[in-house]
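Examining the three-dimensional arrangement
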Amino acid sequence: MIQITMPLNFLGTVYREIRQALVDMSEMFDLLGQPAEVQDKPDASEIKVTGGHVRLDGVEFGYDAARPILKGVSLDVPAGQNVAIVGPSGSGKSTIGRLLFRFYDVGAGSLTIDGQDVRDVTQDSLHSVIGVVPQDTVLFNDTIRYNIAYGREDATFAEIEAAAKAAKIHDFILDLPEGYDTAVGERGLKLSGGEKQRVGIARTLLKNPPILLLDEATSALDTETEADIQASLEEMAEGRTTITIAHRLSTVADADRIVVLEHGVVVEEGTHGELLERDGRYASLWHRQQAEDAEAA
Ligand code: ATP
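Summarised in this report is the structure supplied together with it. Here the residue index of a chain counts from 1 through its sequence in written order. In keeping with the model being predicted, local features are shown solely for residues with a pLDDT of at least 70 and side-chain atom pairs are shown and tallied solely at 80 or more, while totals for entire chains, interfaces and linings include all residues. Working from all heavy atoms in the structure, the side-chain values ignore hydrogens and water.

Focus: the pattern of salt bridges
Any Lys or Arg side-chain nitrogen found within 4 Å of a carboxyl oxygen on Asp or Glu counts as a salt bridge. The tally for this structure, following the rule as stated, stands at ten salt bridges. Measuring nitrogen to oxygen at the nearest pair gives 2.4 Å for the salt bridge that ties Lys-41 to Asp-120. Residue Lys-41 is located in the loop between α2 (29–32) and β1 (54–61), and its partner Asp-120 is located in the loop between β5 (116–117) and α4 (123–128); the two are separated by 79 residues in the primary sequence. Here Asp-117 makes a salt bridge to Arg-119, at a shortest N to O gap of 2.8 Å. Asp-117 gets classed as buried once you look at its relative accessible area, which sits at 14%. Sharing partners across several salt bridges, the network here consists of Arg-152, Asp-154 and Glu-159. Here a strand is any run of E in DSSP of at least two residues, a helix any run of H or I of at least four, and the numbering for each starts at the N terminus. Here the term buried applies to any residue with accessible area under 20% of the maximum for its type, exposed to any over 50%, and partly exposed to those in between, with areas from a 1.4 Å probe on protein chains only.

See below:
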């Protein structure tokens, strides 16, 4: 009996791990682009996060040597602060996220969290301290309870419920035919973009990471839903170091600091007010977007 159950248990564990790895990969695909190419050092240690101070120092990087993407980017995100990265498409915003996860190694310079170079710590421990809320949360063909708890198999129902409440999806779930046991995903109930994102927020709240990487939604959410989701993201970001990769400027005005990236170089940095006053790149992007929004209204 033991001989039969042990391999079955083992297979169950392997299956769950593969399943989780697949979701990790697909969920991060948009933001992070590629699965890991780098290896842990033989003497890699577990990361120890004290406050969550993220620092890029003169980071240079290119996906291939012939085409530099980041050309000496320095970025300081003090513990608990919210820094937004804005800039034109292709300027390298998401690449910074991929380097933070160490999906690639920097070509020059360094990237540290609380003084620890990401190259010196295990990738598992690094990934456990960073929560990602992607544009499009991937759902399993399973219950909504499972989908929220994914990644925290030890979570109690009370914890799942508290996360759902904080993500403002609890009432919606109670109205479903089988509540938390309702099947969702491709073969179950299909959730809207906003509902899926709330599942993503609840999932991240359960994981409770000290550092957040938010890939701001560009998907077609209506304005009201977008504002609601934005409020939930801001609530979640309270007390955590947060890096927001922003595609729309209207949602970053409250950030502690805004960094404008162009062609892999930080061209401006400051608060929304400071940058408007400077009347440079950010101000012109802002005025252009205001005009576009007014036209669309
Ligand atoms: P967007 O706002 O459009 O998402 P971004 O500022 O996030 O743009 P990145 O995704 O960081 O831009 O891409 C920066 C540059 O790197 C782009 O020119 C892109 O084509 C290139 N790039 C991104 N991923 C890869 C990759 N896996 N291999 C090669 N080049 C890549």
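That shown, we press on.
A closer look at the pairing of strand β11 (residues 257–262)
Counting buried residues along β11, six of its six residues qualify, which places the element largely inside the surrounding structure. Side chains of β11 alternate between two faces, with Arg-257, Val-259 and Leu-261 and Ile-258, Val-260 and Glu-262 buried alike. Of the pairings in the sheet, the one linking strand β3 (residues 82–86) to β11 comprises four bridges and is parallel in character. In the sheet register, Ile-85 faces β11, and the bridge partner there is Val-259. The pairing criterion is simple: DSSP has to find at least two bridges between the two strands. Sheet analysis places β11 next to strand β12 (residues 265–270), joined by five bridges and oriented antiparallel. Residue pairing across strands places Glu-262 opposite Val-265, the latter belonging to β12.

Thoughts on the site of the ligand
When at least one non-hydrogen atom of a residue lies within 4 Å of a molecule or strand, that residue is treated as near it. By nearness alone, 15 residues border the ligand, and Arg-67, Ser-89, Lys-93, Ser-94 and Thr-95 come closest of all. Any N or O atom pair separated by 3.5 Å or less is treated as a polar contact, with the protein-specific requirement of one donor-capable and one acceptor-capable atom, and with residues adjacent in sequence counted only for side-chain atom pairs. One of the backbone N or O atoms of Gly-92 is found 3.0 Å from an oxygen atom in the ligand. Lys-93 has a polar side-chain atom sitting 2.8 Å from an oxygen atom of the ligand. Accessible surface area values rest on a Shrake-Rupley calculation with a 1.4 Å probe, where residue burial reflects the displayed protein chains alone. Here the ligand has 640 Å² of accessible area as a free molecule, and 68% of this is covered by the chains.

Function cannot be read off these values alone, since they describe shape.
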